[in-house]
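# A closer look at the structure
Below, each chain spelled out in residue letters.
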Amino acid sequence: MHQNDIKELSIQISLSGLSFCILNRSKNTIGHIQHVPFDKKLTPFDILERIIATLDEGAVYDQTFSEVLLIYQNELSCLVPKPLFDEAHCADYLKFNAKILTTDYISFDDIHFNDSVNVYVPLVNVNNFMFDRFGSFEYKHSSTILIEHILKHQPLSNVPNIYVNVNEHSFEIVVVKDYNLVLYNTFEYITKEDFIYYILFTIEQLKMDPETLKLKLMGTIAEGDDLYQIVYTFIRNVEFVMPHHKFNFIEEPSVAHNDYVLLNSFK
């Protein structure tokens with residue numbers, strides 16, 4: 001393979017849609033980003049159909065990739081401290097946090113930055129297809145990438161930092177204090193009032209002060225939109241977080257903080 005042909009592909013599956021990203025590793029350039037939104041929650045069968053259709057329709061995917069990563073972004077995950085983790089009890093950890101079926105396949109990622117294990121449910125039908133299509137590939141839960149990169153790049157601060165990664169119908173909260181992970185959770189929302197309620201509820205439960213904490217936003221939220229305005233009404237220190245990479249772009253994204261997990265998924 002010629003060096004200029006070294007490409008890597010990441011595919012993210014969320015409740016609100018699919019995201020595809022191609023990195024030209026030799027040129028350190030993001031050559032392609034595509035978002036495929038869902039208008040409703042889809043079954044695993046329908047999700048696979050959308051993935052197949054997108055890959056088949058785009059000539060850009062008809063090439064050899066040196067690495068392929070599948071990212072699952074859903075609420076079916078649970079963090080377990082590494083010293084307490086036993087692979088035989090994966091289903092037990094998850095069943096307290098999520099509705100799982102006895103037939104669900106359960107996997108886990110190691111999060112080295114805080115010595116924990118992320119237990120989650122991938123989609124077996126999608127994994128099987130990815131293997132048939134690309135051969136060897138990796139898969140992770142999105143929160144593994146999110147938590148690792150936040151902890152790795154957490155700035156020196158004597159006040160708590162709350163990171164909110166916003167998606168179309170859900171969002172994730174990561175709370176960090178003194179370089180330690182305090183909390184990770186995911187919430188579904190419909191209205192802006194739902195959105196701020198869960199954020200303020202988290203702040204209250206952790207006994208944090210909205211006047212001093214720092215709220216860091218990423219994902220599908222923009223300065224001036226309804227979600228941003230209601231957050232800014234209740235919380236003093238609000239800012240956006242950019243992905244931690246040094247890639248160039250063939251086409252610069254219109255909003256740099258939109259694809260935090262996707263762009264940070266490349267090693």
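This text gives an overview of the structure that appears in the document. The structure presented is a predicted model; accordingly, all values stated were derived computationally and were not measured.

Next up on the list: the pairing of strand S11 (residues 180–188). Of the pairings in the sheet, the one linking strand S10 (residues 170–177) to S11 comprises eight bridges and is antiparallel in character. Bridge assignment links Ile173 to a residue of S11, and that residue is Asn185. Hairpin connection between S10 and S11: a loop of two residues separates the two successive antiparallel strands, and Asp178 in this loop has a positive phi of roughly 55°.

Let's shift gears to the sheet that holds strand S2 (residues 17–24). Strand order in this open sheet of six strands is S8-S4-S1-S2-S3-S14, and the pairing throughout is mixed. The sheet is open, and its two edges are formed by strand S8 (138–141) and strand S14 (248–249), each paired on a single side. Note that strand S4 (residues 67–72) and S8 share four bridges and pair parallel. When the sheet's bridge partners are listed, Tyr72 is paired in S8 with His141. The strands that helix H1 (residues 44–57) touches are strand S1 (7–14), S2 and strand S3 (29–37); relative to S2, the one it contacts most, it runs at about 40°. Relative to S8, helix H4 (residues 142–153) is tilted by about 70°, and along the sheet it contacts S4 and S8.

Along helix H3 (residues 124–134), the residues that are buried comprise Val126, Asn127, Phe129 and Met130. On an axial view of H3, the arc spanned by its buried residues comes to 160°, and they lie on one face. Opposite the buried face of H3, at more than 90 degrees from it, the exposed residues are Phe131 and Asp132. At its buried positions, H3 is contacted by S1, H1, S4 and S8. Positive phi shows up at Gly135, right after H3, with a value of about 80°.

Bringing the packing of H1 against H3 into the picture now. One way to put it is that H1 packs onto H3 with a least axis distance of 9 Å and a crossing angle of 25°. Accordingly, the angle class assigned to the pair H1 and H3 is roughly parallel. Judged by the twist between their axes, the crossing of H1 over H3 is right-handed. Note on element contacts: H3 touches H1 through Asn125, Val126, Phe129, Arg133 and Phe134, opposite Pro44, Phe45, Ile47, Leu48, Ile51, Ile52, Leu55 and Asp56.

Of all six residues making up strand S12 (residues 214–219), five are buried, and the element is well covered by its neighbours. The pairing of S12 with strand S13 (residues 237–240) spans four bridges and is classified as parallel. Along S13, the bridge assignment pairs Lys216 with Glu239.

What follows covers the side chain of Ser143. Relative to the helices and strands, Ser143 resides in helix H4. You can call Ser143 buried: its relative accessible area is 1%. In terms of polar contacts, Ser143 uses its side chain to reach the side chain of His141, at 2.7 Å. Ignoring anything within four residues of it in the chain, the contact list for Ser143 reads Ser77, Asn118, Glu172 and Tyr184.

Turning to the packing of aromatic side chains, a few remarks are in order. Taken as a whole and assessed by the stated rule, the structure comprises 17 aromatic pairs. Between Tyr120 and Tyr139 the ring centres are 6.4 Å apart and the planes differ by 80°, which places this aromatic pair in the edge-to-face class. Here the residue Tyr120 occupies a position in strand S7 (residues 116–120), and Tyr139 occupies one in strand S8, the gap between them amounting to 19 residues. Using a relative accessible area of 22% as the deciding quantity, one classes Tyr139 as partly exposed. Centre to centre, the rings of Phe171 and Phe187 are 5.5 Å apart; their planes meet at 35°, and the pair counts as tilted.

A word on the sheet that holds S12. Within the open sheet, the five strands sit side by side as S11-S10-S9-S12-S13. Their pairing is mixed. Here the strands that pair on one side only, and so sit at the sheet edges, are S11 and S13. Here the strands of the sheet are splayed against their neighbours by 20° on average, with no regard to which way each runs. Lying over the sheet, helix H5 (residues 192–205) contacts strand S9 (161–166), S10, S11 and S12, oriented at roughly 25° with respect to S10. Together, S9, S12 and S13 form the strand contacts of helix H6 (residues 226–234), whose direction differs from that of S13 by roughly 150°.

Definitions and cut-offs
Residues numbered from 1 in each chain as written. Predicted model: local features only at pLDDT ≥ 70, side-chain atom pairs only at ≥ 80, totals over all residues. Heavy atoms only, no water. Pairing = 2+ DSSP bridges. Helix = DSSP H or I, 4+ residues; strand = E, 2+ residues; numbered from the N terminus. Contact = heavy atoms within 4.5 Å. Axes fitted to C-alpha atoms, helices over the stretch in contact; angles between N-to-C directions. Buried < 20%, exposed > 50% of the residue type's maximum accessible area, 1.4 Å probe, protein only. Arc of directions from axis to C-beta. Parallel < 35°, antiparallel > 145°, perpendicular 65-115°, else oblique. Left-handed = near helix turned anticlockwise from the far one by under 90°. Polar contact = N/O pair within 3.5 Å; in protein donor to acceptor, adjacent residues only side chain to side chain. Phe/Tyr/Trp six-rings, centres within 6.5 Å; stacked < 30°, edge-to-face > 60°.

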